[in-house]
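Read off the chains here:
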Amino acid sequence: MKKMCKFPYFLAAGLLLVLADCSDDKEPQEPEEKPEQGAEKTYIGTLIVDQNDGTLYTQKNVSLIITVDDGEAVMELKEMSFSDRMPLKLDITMPGVTVRPEDGKSLLSGEGIVPLAMGGPFEQYTITGLTGELSEERIDFEMMCGAYPTLFTALHEDQLPVPEQTVYRGILYVDQNDGQGTVYVQQEVTALLAIDLDTDRADLLLEEVSFSDRMPFRLDMTIPGITVRPVYGGYAMEADGIVPLALGGEYEDYVITALTGSTSAWSDTGIEFEMYCGQYPTRFVGVKKE
């Protein structure tokens with residue numbers, strides 16, 4: 001009988017190790033990017049609601065606050081409405097939105113979510129069919145709010161193109177409060193808006209303005225400490241009870257009250273605001289000066 005040639009066991013073991021090593025020779029996979037857990041982030045953008053009658057209701061400068069924790073998100077839309085016929089705007093919170101990382105982004109989904117508004121459940125606007133994407137820079141999603149197909153697209157507040165200091169040229173309108181509806185109009189008024197991004201405050205300088213054709217001179221007037229907050233493409237502004245500065249000191253005859261307005265980098269009107277200067281209802285509309 002012929003003797004069988006025995007294959008050395010140590011060579012067989014080595015061959016198996018080599019084969020195993022070759023079979024595992026794959027490109028290393030990058031870990032999936034997950035959204036920062038527990039961090040509150042703000043996005044500002046546009047809400048579009050299909051009115052189910054062939055028209056779309058569009059609301060700009062809507063803020064969304066989102067908090068992601070353990071694969072779920074709570075999303076809150078601030079001061080939004082579903083129609084121009086709604087008598088008020090609501091803060092609506094959507095809890096329990098699923099967040100799933102995939103291909104370097106986070107996918108959003110939700111079904112049968114009862115939103116919260118006005119202190120309780122808002123069942124008539126139950127959320128169905130929610131799908132979308134979330135990243136550090138932006139958020140986009142669509143959903144059904146009750147019977148209304150709804151789309152939201154927004155940028156993170158840090159991505160908004162907001163200038164720190166801008167010069168505008170425009171028209172100042174001052175109601176003369178004379179019982180006859182007389183409005184004093186001053187053309188070619190320069191307004192300088194200087195924004196402090198660290199404090200969310202702004203100083204507004206109106207150059208060589210007057211509030212009536214009876215004023216014997218024009219003056220430079222600064223309105224300090226206006227509250228600003230980022231909106232889609234600019235800032236919203238508001239102030240009340242601010243003593244303006246003019247002629248080297250405080251100008252108490254023209255205390256600023258009920259100031260509201262906004263700037264926009266993406267519209268024909270670069271800045272628009274209204275206020276009371278003392279007893280005079282005042283409005284300014286201007287464009288960015290290049």
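Quantities reported herein were computed from a predicted structural model and do not represent experimental measurements. (Residues numbered from 1 in each chain as written. Predicted model: local features only at pLDDT ≥ 70, side-chain atom pairs only at ≥ 80, totals over all residues. Heavy atoms only, no water.)

1. Quick word on the nonpolar core
Definition in use: Nonpolar cores are built from buried Ala, Val, Leu, Ile, Met, Phe, Trp, Tyr and Cys residues. Side-chain atoms within 4.5 Å join them into one set. Exposed residues in this analysis have more than 50% of their type's maximum accessible area, buried residues have under 20%, and partly exposed residues fall in between, with area computed by a 1.4 Å probe over protein chains only. Secondary structure is summarised from DSSP: a helix means a run of H or I of at least four residues, a strand means a run of E of at least two, and numbering begins at the N terminus for each. Contact between two residues is taken to exist if any of their heavy atoms lie within 4.5 Å; hydrogens are not considered.
Counting residues in hydrophobic clusters, the biggest one holds 34 residues, and the most contacted among them are Met221 and Ile223. Counting only elements with at least two residues in this core, the list comes to β11 (165-175), β12 (183-196), β13 (201-209), β14 (219-231), β15 (234-239), β18 (256-263), β19 (271-277) and β20 (280-288). Ignoring anything within four residues of it in the chain, the contact list for Ile223 reads Ala202, Asp203, Leu204, Ile242, Ile256, Leu259 and Met275. Residues Val62, Ile66, Val97 and Ile127 belong to the second largest nonpolar core, which totals 32 residues.

2. Here's the deal with the confidence of the model for the chain
Definition in use: Per-residue confidence from the prediction method is given by pLDDT, with values spanning 0 to 100.
Of the residues in the chain, 83% have a pLDDT of 70 or more, and the chain-wide mean is 84. Contacts for the low-pLDDT stretch residues 1-25, under 50 throughout, to residues beyond four places or in other chains number 1 contact.

3. Looking at the pairing of β15
Going by this rule: Pairing between strands is defined by DSSP: at least two bridges between them are needed.
Extensive coverage of β15 is indicated by the burial of 5 of its 6 residues. Pairing between β14 and β15: 5 bridges, direction antiparallel. When the sheet's bridge partners are listed, Pro230 is paired in β15 with Tyr235. Between β14 and the antiparallel strand that follows it, β15, lie 2 residues; Gly233 among them carries a positive phi value of about 90°. Where β15 and β18 come together, 4 bridges link them in antiparallel fashion.

4. Let's talk about unusual backbone geometry
Positive phi, normally seen in glycine, also occurs at Asp70, with a value near 55°. As for its position among the elements, Asp70 is in the loop between β2 (56-69) and β3 (72-80). One non-glycine residue, Leu247, lies in the positive phi region at around 55°. Its place among the elements puts Leu247 in the loop between β16 (245-246) and β17 (249-250). Residue classification places Leu247 among the exposed residues on the basis of a relative accessible area of 59%.

5. Observations regarding a negative patch on the surface
To keep things clear, this is the line we draw: Patch building starts from residues that exceed 30% relative accessible area and form no salt bridge, then joins like charges within 9 Å and nonpolar side chains (Val, Leu, Ile, Met, Phe, Trp, Tyr) within 5 Å. Note on areas: Shrake-Rupley, 1.4 Å probe, and residue coverage restricted to the protein chains presented here. The rule for a salt bridge is simple: a side-chain nitrogen of Lys or Arg has to be within 4 Å of a carboxyl oxygen of Asp or Glu. The convention is simple: Lys and Arg are positive, Asp and Glu are negative, and His and the chain ends are not counted. Throughout, a charge is located at the NZ atom of Lys, the CZ atom of Arg, the CG atom of Asp or the CD atom of Glu.
On the surface, a cluster of negative charge is contributed by Glu157, Asp158, Asp196, Asp198, Asp200 and Asp203. Under the relative-accessibility criterion, Asp203 is labelled partly exposed at 37%.

6. Points about the environment of Thr128
Relative to the helices and strands, Thr128 is located in strand β8 (residues 127-134). On the accessibility criterion, Thr128 (26% relative accessible area) is partly exposed. In the structure, Thr128 is positioned 21 residues away from Pro149 in sequence and 9.6 Å away in space, judged by C-alpha atoms. The residues contacting Thr128, other than those within four sequence positions of it, are Gly110, Glu111, Gly112, Met143 and Met144.

7. A short note on the side chain of Thr282
Residue placement: Thr282 occurs in strand β20. According to the relative accessible area criterion, Thr282 is buried, its value standing at 4%. Beyond its immediate sequence surroundings of up to four residues, Thr282 is in contact with Leu172, Tyr173, Val174, Phe211, Phe273, Glu274, Met275 and Cys277.

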